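# An overview of the molecular structure
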Amino acid sequence: MAASLSRYLVEQQRAKGNIPPELRLLLEVVARACKSISHAVNKGALGGVLGSAHSENVQGEVQKKLDIIANEVLIEANEWGGHLAAMASEEMDSIYVVPNRYPQGEYLLLFDPLDGSSNIDVNVSIGTIFSVLKKPEGNLAVCEADFLQKGQAQVAAGYCVYGPQTTLVLTVGDGVAMFTLDREQGSFVLTQEHVQIPADTQEFAVNMSNMRHWDAPVTRYIDECLAGQTGPRGKDFNMRWVGSMVADVHRILTRGGVFMYPWDKREPDKPGKLRLLYEANPMSWLVEQAGGAATNGQQRILDIQPQQLHQRVSVFLGSKNEVERVSAFHN
Ligand code: AHG
Ligand code: MN
Ligand code: MN
């Protein structure tokens, strides 16, 4: 019989000692929450979950009903187990400290409850992204500064993509494993281990409509790809852009490619669109664990010292040789 997520976690702990019981509980609870979000997503119009919630998050983005539902599902699932000290989310201005009525654990959970919001209503793949940190030792009360840790400090990271299949993708620092939701059994089943991203690719993912706003290194990289076989790259490239980071990254973990969301001139004061702590960091660690690379053009994303909870960052990630190429154009 194929291994369940629970079995994978137990056996990882036995072999590597990298998933203590509290972390296992945390990951199982996150998986359960993702299962519940997956069901809500699947009901769509029948469940009354589509459309706008007519509210805005701290980043000034209009929230969809599912953004809020997914956020609540993750909080309710995680607050009572005793494994967490606090949570942070794209959809909450500040951190959510575990209420006094529950015991406090030593982990911090960060998430993008629903990634790819613009794709919800059009029935295109969306997902949940999460990152797990340890609360720094010493200080008693958990605070926002506890979350401002480099991506390299993550103890677990992953996402769940709600597409034709619901797939949970996880790393605890020992490679990347994928689990497919078996709806009859109601459990995540291990369907791929030791995920590897090929170092070379002929596929890129970027929102081309922003091209006129890009910086020279990004324009140069894409121009060279577009020049195809007779250009400097000597090969033709294909383009894929779902518009949900989870789905685009999932494709890259499955068959390679390079994903970019660079800084652009539309809002020059913002370093990029994607958020460092709950989008770029977990995705970057997954990609590195699968043999790929992730930078902001200048430096490895996992080395960036965060200054703010909702900080944004430029992102270049995926097949190693392509990420190195576009990064070299920046330096
Ligand atoms: P979110 O739905 O969590 O706000 O994230 C959306 C992100 C990301 O998933 C995607 O890569 C990007 O926004 C697409 O944005 P544009 O359509 O503006 O390029
Ligand atoms: Mn997102
Ligand atoms: Mn989101």
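Structure: above.
What this report covers is the structure whose coordinates are included nearby. Per chain, residues are indexed from 1 in the order of the written sequence. Key to labels: chains lettered from A, ligands numbered from 1, both in the order written. Restriction of local features to residues with pLDDT of at least 70 applies here, the model being predicted, together with a cutoff of 80 or more for giving and counting side-chain atom pairs; totals for whole chains, interfaces and linings are based on all residues. Heavy atoms throughout the structure, all of them, feed into the side-chain values; hydrogens and water do not.

## Things to note about the coordination of the manganese ion (ligand 2)
We apply this condition: Note that water is not among the atoms used; donors are N, O and S atoms within 2.8 Å of the metal (3.2 Å for Na, K and Ca), so sites may look incomplete. Under the scheme applied here, a residue whose accessible area is under 20% of the maximum for its type counts as buried, over 50% as exposed, and between as partly exposed, the area being computed with a 1.4 Å probe on protein chains only.
Looking at the metal site, the manganese ion (ligand 2) is ligated by Asp112 (OD), Asp115 (OD) and Glu279 (OE), spaced 1.9 to 2.1 Å from it. Between the manganese ion (ligand 2) and the manganese ion (ligand 3) the interatomic distance comes to 3.8 Å, and Asp112 is a ligand of both metals. In terms of burial, Asp112 and Asp115 fall into one category: buried.

## Side note on helix α7 (residues 320-330)
Rules: Strands are runs of DSSP state E lasting at least two residues, helices are runs of H or I lasting at least four, and both sets are numbered from the N terminus onward. For this quantity, the arc is that covered by the directions from the helix axis to the C-beta atoms. Pairs of residues are marked as contacts when any of their non-hydrogen atoms sit within 4.5 Å.
Among the residues of α7, Glu322, Val323, Val326, Ser327 and Phe329 are the ones counted as buried. Along the axis of α7, the buried residues cluster in a sector spanning 155°; they form a single face. Along its buried surface, α7 packs onto α4 (216-226), β13 (258-261), β15 (293-295) and β17 (315-318).

## Remarks on the nonpolar core
We apply this condition: For this analysis, a nonpolar core means a set of buried residues of the types Ala, Val, Leu, Ile, Met, Phe, Trp, Tyr and Cys, connected via side-chain atoms within 4.5 Å.
Formed by 45 residues in total, the largest nonpolar core has its most connected members in Leu26, Leu27, Leu109, Phe130, Leu168 and Phe179. A total of ten residues in this core trace back to one element, the largest contributor, which is helix α2 (residues 21-43). Beyond its immediate stretch of four places on either side in the chain, Leu27 contacts Leu5, Leu9, Ile19, Phe130, Ala156, Leu170 and Val172. Within the second largest apolar cluster, 29 residues are counted, among which are Val161, Ala205, Val313 and Val315.

## Structural notes on the sheet that holds strand β6 (residues 126-134)
Which entries qualify depends on this criterion: When DSSP finds two or more bridges between a pair of strands, those strands are recorded as paired.
Strands sit in the order β4-β3-β5-β6-β7-β8-β9-β10 across an open sheet of eight strands; the sheet is mixed. Edge positions in the sheet fall to β4 (96-97) and β10 (187-192), since each has one partner strand and no second. Where strand β8 (residues 166-171) and strand β9 (residues 176-182) come together, five bridges link them in antiparallel fashion. Directly across from Val169, in β9, lies its bridge partner Met178.

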